[in-house]
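As a plain string of letters, each chain reads:
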Amino acid sequence: MDNEVIEFDTGLGGGGNSGRDGGDDAFDIEHPVDDDDMADSPLPSTATSGIFDASAYCNGGGGEIYLPEGDLLDLEPYEGMEFESEEAAKAFYNSYARRVGFSTRVSSSRRSRRDGAIIQRQFVCAKEGFRNLNEKRTKDREIKRPRTITRVGCKASLSVKMQDSGKWIVSGFVRGHNHELVPPDQVHCLRSHRQISGPAKTLIDTLQAAGMGPRRIMSALIKEYGGISKVGFTEVDCRNYMRNNRQKSLEGDIQLLLDYLRQMNADNPNFFYAVQGDEDQCMSNVFWADPRAMINYTYFGDTVTFDTTYRSNRYRLPFAPFTGVNHHGQPVLFGCAFLINESETSFVWLFNTWLMAMSGRAPVSITTDHDSIIRSAVTQVFPQTRHRFCKWHIFKKCQEKLSHVFLRHPTFEADFHKCVNLTDSIEDFESHWLSLVDRYELREHEWLQAMYLDRRQWVPVYLRDTFFAEMSITQRSDSMNSYFDGYVNASTNLNQFFKLYEKALESRNEKEVKADYDTMNTSPVLKTPSPMEKQASEFYTRKLFTRFQDELVGTLTFMASKADDDGGTIAYEVAKFGEDHKAYHVKFIVLEMKATCTCQMFEFSGLLCRHILAVFRVTNVLTLPSHYILKRWTRNAKSSVILEERTSDVYTSYLESHTVRYNTLRHEAFKFVEESAKSFETYDIAMAALQEAAKRVVLATKNEGRIAINGRIKGDSSTDGTRAKNTSGDHLGISSQHLYEDEMDKKIRELTNELEFANRKCEVYRANLLSTLKDIEDHKLQLSIKVQNIKISMKDGF
C-alpha cells in the first residue's frame, strides 16, 4: 500500500521495554497496565456478533465484545489470516488467549501520516515488557502498597495491518511464552477475560435494587451459572460494576434533590439549603433544614447526633441527618445532608453550614460514628463540644472484628458488656479491661487496641460528666434510634426518599403532638405520698415523669449513711440494702441545696438519681430544688418565656424554705450538742440555754398567725386586758365588740374573695402575655433565618 506511516509505541515500560523503539512523535493510543493495576476498573459486556466483525473490542470503552464461533474456536492465528476489522482481530486473539491461558493487551500502533487513521496494531501477552521503574515517577511520592510484579518480558504477540481493501491481515505471530500458562478453571481471573455479560448485568441490577450486597450477589451468580469459572468475573468486578451503577444513578438523583429543595425554598423562604461549591455541579454535597428543624434546635440543641448509618452498606444511601431529643425523649430533626464526597473538607463544610443554619450556637455534646475523618472535622468546627463515638456502632463492629472470639468463647460478649457498661469508675474500667484482654489473649489485637486508645470518646465511665440526654447508661434509649428508621431501608433510592422523608416528618410530628396531649390532659398515678412526686408530675412531661418516678420509688431500697461532715458539705454513702460493698458517694451542700453523686446521672441525663433522692429523703428535702428541674424536660420546654408560676407557688415555696430552715437548724444543733457534751459545765450552760430558747419558741408559736386589726394584734394580752377592764360587767360593750369583730371578719372574707378573683384575672392576662411573647419570639426567629438566608445569598453573589 502507498500510505506513508509513522510508528507509535504505546507499551508501558519506557524505551526498549516493549521491544520497539518509538520515534519522537510517539504517544499512547491505548493505556495498557498490569492486571492488578486494573482490578478496580469497570468491565465491558460480552456479546456475540458476526464472524470476523465486531462493533468494539475487549478492554475498550463500553461496546460489545466479539467472540468467535464455530470452527474458529479451535483455530490458532497464522500469518496471512484476514479479519473484517481491527476489533475482530483483537477479539479473536483474546479468545485464543482465553483458550490457551493468558491475558492480552494492546501494545503499539501505527497511524497514517495522510489522515491519522490507525493502519497497524500489535496485541501482546499481558506479561510483555517490564514494569517502569523510572525515578521520575516515584521520587516525589511514597508507594505505600507496592504492586505485585507481573511483567516478565514475554514475547508472545499478534501483529495486524490494514490492507487497501479495508480488511486486516496478520503480519506477525509469536506463539511461545516465557512463563506458565493459567489452567482453564482460573482463566476468569485474568484481566482481559473478566467480562460481565448482558444477562449477568441484568441479574446484578435486579438484586442490587432489592438491597443485596456484592457478596450475596456473587453467591447467587455462582449458583446460577454453576461455578465461579463459568461466571466469568470476580467479586471485585461485581463490586465495581455496582459502584459505577450507583455513581451514575446519583448524578440524576442529586439533580432531583436540588429541584426538590429549590421548590421547598420557593414555597417557604425560611427553608434553608446549601450546596458545596457550584450549585450547577451534578456531584456536590447538599445540606438542608426546614424552619421547624431550626426552631426545634433552639429548644433541644444541647445534644446532637450526626447519624451516618445510611452511608453504610446497610442502606447504601449517602444520607446523614442531624437529630436530637425532645422533651418527650423522642428523636427530633435538626437538618439533613446528602454526601457524595466524604473527605475531611466536605465534613468541615457541612458542619460549618449546619452551625450557620442553627444561628451559630454549638451543642454541648455531639455523637457520631467512629470515623477519623469525622473526628477531625468535629475538632475543627466544634472545639468546645464534647465529641462521643456511638457505642452501639462500636459494639456491632466488635461482633465483626472479633467474630472468632465470639465463636470460641461464649462468655466473651457478657464480659465485654460488663467491662464497658457496668463499671462505676475509671479505675474499675481499667482494671476490668486489662483482665479482659489477658483472659481472652487479645492484648495484640489491632482493632481492639485502637478502641482502647479512643476509650475516652465511647466508654460511658469517661462521658458521664457531660449531658447527652440519655435516660440509661447501659441500655440504648428510644431517642438514640435513627429518626428515619422504619421509613428508609436498603432498597430506598432518592426518588422514593422524598415521599418517605415527608412521611417520616409527619409521623414524628404527630407523635410529639400525641405526647403533648397525653401530658396536658391525663394525670399520672402517684405511687408515694411525697410532695416531690406530686411536684414532678406537674412539671415533667409524662415520659420523663415516669422515669423520675422510677428513681424516686427506687430510693425505698437504698440506705443513706453520713460518712463525713466538714461544716458546709455533708458526705453520704448510699447503698442498696445488703449491698454495702457497692456504695455510691453523695456530697450535699445544705445551705445551697446542691448535691453531687459519683454515678453522675444528673450530669449525663438531666434527672436526679435515686442516690441523691435517698439523701434528700433522710435530710427532709421535700421538693425538688428549682436548679434540678431542667426546662428541656418539662411540659413548658418549648415556651420562649421561663415560667415561674409553679416554682413560686406558696406551698412549694413554704416547703423549700421549711427544708432549708430545718436543715440549717439541725446542722447547727448537732455542732452545739457535740460541743456542749464535752464537760458538765458546758452541759449545764447548754441545758439552761435550751430551756430558755424553748420558752421563746413556744411564745413565738402562740403569737404566730394573729391578725392585726387597726394596728393592734388580735388576742394580744395587753389589749385584751385593757378591753376587759373597760367592759367589765358591760354586756352591751361585749356584744358590740363581738359584732365589730364579725363585721371585720366578713370584710376580710370579701376582700379575700376579691383578691382571689383579681388573681384569676391576672393569670388569664399572664397566659395571654406568655402567648404573645412566644409569638414574638417565633417571629424573631423567622426574621433571623431570613437574615441568614440573605447573608448567604449575598455571599454567594460576591
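Residues numbered from 1 in each chain as written. Predicted model: local features only at pLDDT ≥ 70, side-chain atom pairs only at ≥ 80, totals over all residues. Heavy atoms only, no water.

Visitor: I'm lost on the overall build of the protein in this one. Help?
Guide: A tally of helices and strands in the protein yields 23 helices and 19 strands. In the protein, buried positions account for 42% of the 798 residues. Residue pairs at least 24 apart in sequence account for 62% of intrachain contacts in the protein once pairs closer than 6 positions are excluded. As displayed, the protein has an accessible area near 43300 Å², and 53% of this comes from carbon and sulfur atoms. (Helix = DSSP H or I, 4+ residues; strand = E, 2+ residues; numbered from the N terminus. Buried < 20%, exposed > 50% of the residue type's maximum accessible area, 1.4 Å probe, protein only. Contact = heavy atoms within 4.5 Å. Areas by Shrake-Rupley, 256 points an atom, 1.4 Å probe, with all protein chains shown as cover.)

Visitor: Just checking my understanding: could you explain the packing of helix α12 (residues 412–421) against helix α13 (residues 426–439) for this structure?
Guide: When two helices pack together, their arrangement is given by the angle between the helix axes and the distance between those axes. Closest axis-to-axis distance for the α12/α13 pair is 9 Å, and the angle between their directions is 160°. In terms of axis orientation, α12 runs roughly antiparallel to α13. Crossing hand, α12 versus α13: left-handed. For the pair α12 and α13, the contacting residues are Phe-412, Asp-415, Phe-416, Lys-418, Cys-419 and Val-420 in the first and Phe-429, His-432, Trp-433, Leu-436 and Arg-439 in the second. (Axes fitted to C-alpha atoms, helices over the stretch in contact; angles between N-to-C directions. Parallel < 35°, antiparallel > 145°, perpendicular 65-115°, else oblique. Left-handed = near helix turned anticlockwise from the far one by under 90°.)

Visitor: Is there a simple way to think about the sheet that holds strand β10 (residues 319–325) in this case?
Guide: Sheet strands pair via backbone hydrogen bonds, and the direction of the pair is either parallel or antiparallel. Pairing within the open sheet is mixed, and its seven strands lie in the order β7-β8-β11-β10-β9-β12-β13. Sheet topology places β7 (272–275) and β13 (386–389) at the edges, where each strand pairs with a single neighbour. The mean inter-strand angle of the sheet, taken between neighbouring strand axes irrespective of direction, is 20°. The pairing of strand β12 (residues 365–368) with β13 spans four bridges and is classified as parallel. Among the inter-strand pairings, Thr-367 is bridged to a residue of β13, identified as Arg-388. (Pairing = 2+ DSSP bridges.)

Visitor: I'm lost on the state of the cysteines in this one. Help?
Guide: Put plainly, two cysteines are in a disulfide when a covalent bond ties their sulfur atoms together. Counting across every chain of the model gives zero disulfides. Free of any disulfide, Cys-154 has its nearest neighbouring cysteine sulfur in Cys-125, separated by 4.0 Å. The thiol of Cys-609 is unpaired, and the distance to the nearest cysteine sulfur, on Cys-599, comes to 3.6 Å. Overall, the relative accessible area of 1% leaves Cys-609 in the buried class. (Disulfide = S-S within 2.5 Å.)

Visitor: It is not clear to me how the side chain of Gln-120 should be interpreted in this structure. Could you clarify?
Guide: Residue placement: Gln-120 occurs in strand β4 (residues 118–125). Those residues in contact with Gln-120 that sit more than four places away from it in its chain are Ser-108, Ser-109, Arg-110, Val-160, Lys-161 and Trp-168.

Visitor: Sorry if this is basic, but what is going on with the side chain of Thr-634 here?
Guide: Looking at where Thr-634 falls in the secondary structure, it is placed in the loop between α19 (610–618) and α20 (650–676). Classification of Thr-634 by relative accessible area gives buried; the value is 6%. A polar side-chain atom of Thr-634 sits 2.8 Å from the main-chain carbonyl oxygen of Lys-631. Once residues lying within four places of it in the same chain are set aside, the contact partners of Thr-634 are His-327, Phe-539, Tyr-540, Thr-541 and Ile-629. (Polar contact = N/O pair within 3.5 Å; in protein donor to acceptor, adjacent residues only side chain to side chain.)

Visitor: Help me out: how do you make sense of the sheet that holds strand β14 (residues 558–565) in this one?
Guide: Taken in spatial order, the four strands line up as β14-β15-β16-β17 in an open sheet, and their pairing is antiparallel. Of all strands in the sheet, those with a lone pairing partner are β14 and β17 (594–597), marking the two edges. Averaged over all pairs of adjacent strands, the angle between strand axes in this sheet comes to 25°, irrespective of strand direction. Across four bridges, strand β16 (residues 584–589) lies against β17 in antiparallel orientation. When the sheet's bridge partners are listed, Lys-587 is paired in β17 with Thr-596.

Visitor: Please clarify how the packing of helix α10 (residues 391–401) against α12 should be interpreted in this entry.
Guide: Relative orientation of the contacting elements α10 and α12 amounts to 155°, with a least axis distance of 12 Å. Our classification of the angle between α10 and α12 gives roughly antiparallel. Crossing handedness for the pair α10 and α12: right-handed. Residue-level inspection shows Lys-391, Trp-392, Phe-395, Cys-398 and Gln-399 of α10 in contact with α12, the latter providing Phe-412, Glu-413, Phe-416, His-417, Val-420 and Asn-421.

Visitor: Before we go on, may I ask you to explain the nonpolar core in this structure?
Guide: Inside soluble globular proteins, nonpolar side chains tend to come together where they are buried. If you look at the biggest cluster of nonpolar residues, it comprises 40 residues, and the most contacted ones within it are Tyr-540, Phe-548, Phe-588 and Phe-616. A total of five residues in this core trace back to one element, the largest contributor, which is α19. Those residues in contact with Phe-616, other than ones at most four positions away along the chain, are Met-532, Phe-588, Ala-595, Leu-608, Val-621, Pro-625 and Tyr-628. Ranked by size, the runner-up nonpolar core spans 34 residues in total, among them Ala-337, Leu-339, Trp-349 and Phe-351. (Core = buried A, V, L, I, M, F, W, Y, C linked by side-chain atoms within 4.5 Å.)

Visitor: How do you make sense of the packing of aromatic side chains when you look at a structure like this?
Guide: For any pair of aromatic rings, the description consists of the separation of the ring centres together with the inter-plane angle of the planes. What the rule picks out here adds up to 39 aromatic pairs. Taken together, a centroid distance of 5.4 Å and an interplanar angle of 80° make the contact between Phe-406 and Phe-412 edge-to-face. The structure contains a cluster of three or more aromatic residues connected by ring pairs, namely Phe-272, Phe-287, Tyr-297, Phe-306, Phe-322, Phe-334, Phe-347, Phe-351, Trp-354 and Phe-382. Positioned above the aromatic ring of Tyr-483 is the side chain of Arg-508, whose terminal nitrogen or guanidinium carbon lies 5.3 Å from the ring centre. Between Arg-632 and the ring centre of Trp-633, over which it is positioned, the NZ or CZ distance is 4.5 Å. (Phe/Tyr/Trp six-rings, centres within 6.5 Å; stacked < 30°, edge-to-face > 60°. Lys NZ or Arg CZ within 6 Å of the ring centre and 35° of its normal.)

Visitor: It is not clear to me how the pattern of salt bridges should be interpreted in this structure. Could you clarify?
Guide: A side chain of one charge can pair with a side chain of the opposite charge when the charged atoms of the two come close. Under the criterion given, the structure shown has 20 salt bridges. Taking the shortest distance from any N to any O, the salt bridge between Asp-438 and Arg-443 comes out at 2.4 Å. What makes Asp-438 partly exposed here is its relative accessible area of 40%. One salt-bridge network, held together by shared partners, links Arg-547, Glu-551 and Arg-610. (Salt bridge = Lys/Arg side-chain N within 4 Å of Asp/Glu carboxyl O.)

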